[in-house]
Amino acid sequence: MKRRTFVAGVAGTAGLALSAAACSSSTTTSSSSSSAPAAVKGGTLNILMSTQTEHWDPQRVYVGVNIEAGNRLFTRTLTTWTATTSDTEVPKLVGDMATDTGTVSNGGKTWAFTLKDGLKWQDGTPVTADDVKYGISRTFAVDVITGGPNYAIAFLDVPSDADGSSSYKGPYAKTGQALYDKAVTVSGNTITFNLKQVVNDFNNTVTMTAFAPFKAAKDLGDKSNYAIFSSGPYKLQGDWTAEKGGTFVRNDSWDPATDTIRKAYPDKIVWDESLTPETLYARLIADQGNDKNAITYDQAPTAALGNVSSATGRTSIVASPYTRYLVPNFKSKVMSNDKARQALALATDRSAYVTAVGGPTVAQPTNSVINPALPAFPNTPLPAGDKGDPVKAKQMLQDAGFTLPVKITVAYRKSDTYDKVFAGLKAGWDAGGFDTQLDGFSANYYATIQSVASASKYDAMWAGWGADYPSASTDIPPLFDSRINITSGGAGQDYGWFDNADFNKEIDATVLIADQAAREKAWGTLDTELATKYYAVIPLIVDKFVFVHGSKVVGAFVNGAYTGYYDPATISVKAS
């Protein structure tokens, strides 16, 4: 996802007087402490953000911040991860709405989950297994419910049409409804999933909000994007305003007896996403007024790194679970040429990226989509070192018959830091024979780049990704299997419209490898092919997260298995 994996380690940051460490380190540095004051019920927690929320619809959420916050505040799932009491603690998989982590049979192709008694929606009506079934069915409406993960389409035993798309078209069209009803069955409080292949960690998959319940009577299709209807401890007060935020208050219908994870200490949570990274970090570091009760899910920008050390006892510094990368667009006239994609990779100056985000103590160049935290990490060599080889790139374009400079347009998620990042990358690409036009924007970034309209607008697009759970099976297929991504509604997570039948066959063969170590190694091989054979992706960096919270915030710990951000399940605010 634009999402998570297990935290691999820590690094120091310029101005923090901490020693640097590799992303594959097993240590973490944090000045948040497990000996913090006891949790306090009540008060208001403020969440200060610069990143705008694209989706709160559970089946459309696929950004780590919103997966974690949505799950902890108002969207419950069949299973989830425990909260942690330090930045280094490894959380455990537990039942959430389900009584346990599931019962597997049929050699790993059938999974059953029984719901707890007492689960309720915010209107006091029961949350049922049929609600879970309905929620998951929405994933199949690929022309309406866009942007979310496609695991349901990939795993559930629903036949496909000749073009590879699912024969079930979702709950709105109802085409193929009987096929879905055979794959997902409900008996009382028990929901059973029949899978098309063995998925031994399917109970990890259902931690994702895409597998959350949705009340059919409240479904407005794509108009449900911000229409939050809660099954958790908080509900939205009034409306959510895009690019501004909203306020969450207690959901009186939530029964803590059914929930061992969410402590729901604050009475109110105010989410403000109208800020810039520089402004919100200046406020967090200054620690004045209501900002003493504040956290953020945005990592510290370069401009704030030198001042973070002054926030004594209020920082967490951990390896980011994400890889930042560029995808050439195969529908682009230029990038449909494999030599152009190779030239772009050769001209990529990753050192400029590293410098712009704060230097080698907070970022490292990479040529692998798979994060170093995962056993599948292939550590693919960089094609031309950290700085790239613009001379060789230019010659490759000339030899391929291009008239130089070759004009390209590149999309990226705009911020002050990323303006600097892409200015540096542009310099390298332009030196390599390109004429790079940059299009930076922040609102609805991922929804925009995966849209059909963007296929004819951009030649390449920036993105970030982290594994959904600790296997590269949640890296390679979700990003590059065209069969579960590319639809009439857009590119899914396959932003570059990479559609290769031979590669898809390799995915199918890798899934069937019984030995886990051999299977993960095979995912690593596919990662290398993507970067050096197909030039379908240009991995850029792996980085570190630096977070600061207010002095009255208690229990702010990064949850490594659950997106790598502060976990609100146990956060409280001191009364004084």
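Above this note sits the structure.
Note that this is a predicted model, so its numbers are computed, not measured.

Draft legend 1. Examining the overall build of the chain more closely. Each helix and strand counted, the chain has 16 helices and 20 strands in total. With the C-alpha coordinates aligned to their principal axes, the bounding extent of the chain is approximately 70 × 60 × 40 Å. Classification of the 576 residues of the chain by burial places 59% in the buried group. Element-wise, carbon and sulfur atoms account for 51% of the exposed surface of the chain, whose accessible area totals about 20,200 Å². In the chain, the 52 positive side-chain charges and the 56 negative ones have mean positions that sit 2 Å from each other.

Draft legend 2. Examining the pattern of salt bridges more closely. Applying the stated criterion to the full structure yields 20 salt bridges. A salt bridge links D567 to R72, with the nearest nitrogen and oxygen atoms 2.8 Å apart. Highlighted residues: D567 in the loop between β19 (553–554) and β20 (572–573) and R72 in helix α1 (residues 64–73), separated in sequence by 495 residues. Neither residue differs from the other here; D567 and R72 are each classed as buried. The partner of D181 in a salt bridge is K133, with the nearest N and O atoms 3.0 Å apart. On the criterion of sequence distance, the pair formed by D181 in helix α4 (residues 177–183) and K133 in helix α2 (residues 129–137) is long-range, its members being 48 residues apart. Each of the salt bridges in this network shares a partner with another, and the network as a whole consists of R76, D96, D259 and R262.

Draft legend 3. Geometry of the pairing of strand β8 (residues 190–194). The pairing of strand β6 (residues 110–114) with β8 spans five bridges and is antiparallel. Considered in β8, the bridge of A112 is made with T192. Bridge count for strand β7 (residues 184–187) against β8 is four bridges, and the pairing is antiparallel. Paired with T185 across the two strands is T192, which belongs to β8.

Draft legend 4. Representation of helix α10 (residues 390–399). Within α10 the residues assigned to the buried category are A393, M396 and L397. Along the axis of α10, the buried residues cluster in a sector spanning 100 degrees; they form a single face. In α10, the exposed positions angled more than 90 degrees off the buried face are occupied by V391 and D399. Against α8 (338–346), β15 (406–413) and β16 (434–441) lie the buried residues of α10.

Draft legend 5. Quick peek at the environment of W56. Along the chain, W56 turns up in the loop between β2 (44–48) and α1. On the basis of relative accessible area, W56 is assigned to the buried category, the value being 3%. Separated by 13 residues in sequence, W56 and A69 place their C-alpha atoms 9.7 Å apart. Those residues within four positions of W56 in sequence are excluded, and the remaining contacts are V61, N66, A69, G70, F74, N225, Y226, I228, W240 and W271.

Draft legend 6. Broad picture of the environment of V142. Tracing the backbone through its elements, the reader meets V142 in the loop between α2 and α3 (151–155). The exposure class of V142 is partly exposed, given its relative accessible area of 23%. Separated by 111 residues in sequence, V142 and S253 have C-alpha atoms that sit 32 Å apart. If we skip the residues at most four places from it in the chain, V142 touches I153, T487 and G489.

Draft legend 7. View of the packing of α8 against α10. Axis separation between α8 and α10 bottoms out at 8 Å; the angle between their running directions is 170 degrees. In terms of axis orientation, α8 runs roughly antiparallel to α10. Handedness of the crossing formed by α8 with α10: left-handed. Across from K339, A340, Q342, A343 and L346 in α8, the residues of α10 making contact are P390, K392, A393, M396 and L397.

Draft legend 8. Structural context of the packing of aromatic side chains. Counted according to the given criterion, the structure contains 41 aromatic pairs. A centroid spacing of 6.0 Å and a plane angle of 50 degrees characterise the contact between Y322 and F545, whose relative ring orientation is tilted. Placement of Y322 in strand β13 (residues 315–328) and of F545 in strand β18 (residues 538–548) is noted, with a sequence separation of 223 residues between them. For the pair shown, Y322 and F545 are each scored as buried. Summarising the aromatic geometry, the rings of Y418 and W462 are spaced 5.2 Å apart at their centres and angled 65 degrees between planes, so their arrangement reads as edge-to-face. Pair noted here: Y418 is in helix α11 (residues 416–431) and W462 is in strand β17 (residues 460–465), with a separation of 44 residues, a long-range link. One aromatic cluster is present, formed by W56, F74, W240, F248, W271, Y297, Y322, F545, F547, Y565 and Y566 through successive ring pairs. Here the guanidinium or amino end of R138 rests over the ring plane of F214, the centre of that ring lying 3.8 Å away.

What counts, and at which threshold
- Residues numbered from 1 in each chain as written.
- Predicted model: local features only at pLDDT ≥ 70, side-chain atom pairs only at ≥ 80, totals over all residues.
- Heavy atoms only, no water.
- Helix = DSSP H or I, 4+ residues; strand = E, 2+ residues; numbered from the N terminus.
- Buried < 20%, exposed > 50% of the residue type's maximum accessible area, 1.4 Å probe, protein only.
- Areas by Shrake-Rupley, 256 points an atom, 1.4 Å probe, with all protein chains shown as cover.
- Lys, Arg positive; Asp, Glu negative; His and termini not counted.
- Charge placed at Lys NZ, Arg CZ, Asp CG, Glu CD.
- Salt bridge = Lys/Arg side-chain N within 4 Å of Asp/Glu carboxyl O.
- Pairing = 2+ DSSP bridges.
- Arc of directions from axis to C-beta.
- Contact = heavy atoms within 4.5 Å.
- Axes fitted to C-alpha atoms, helices over the stretch in contact; angles between N-to-C directions.
- Parallel < 35°, antiparallel > 145°, perpendicular 65-115°, else oblique.
- Left-handed = near helix turned anticlockwise from the far one by under 90°.
- Phe/Tyr/Trp six-rings, centres within 6.5 Å; stacked < 30°, edge-to-face > 60°.
- Lys NZ or Arg CZ within 6 Å of the ring centre and 35° of its normal.

Structural measurements only, silent on function.
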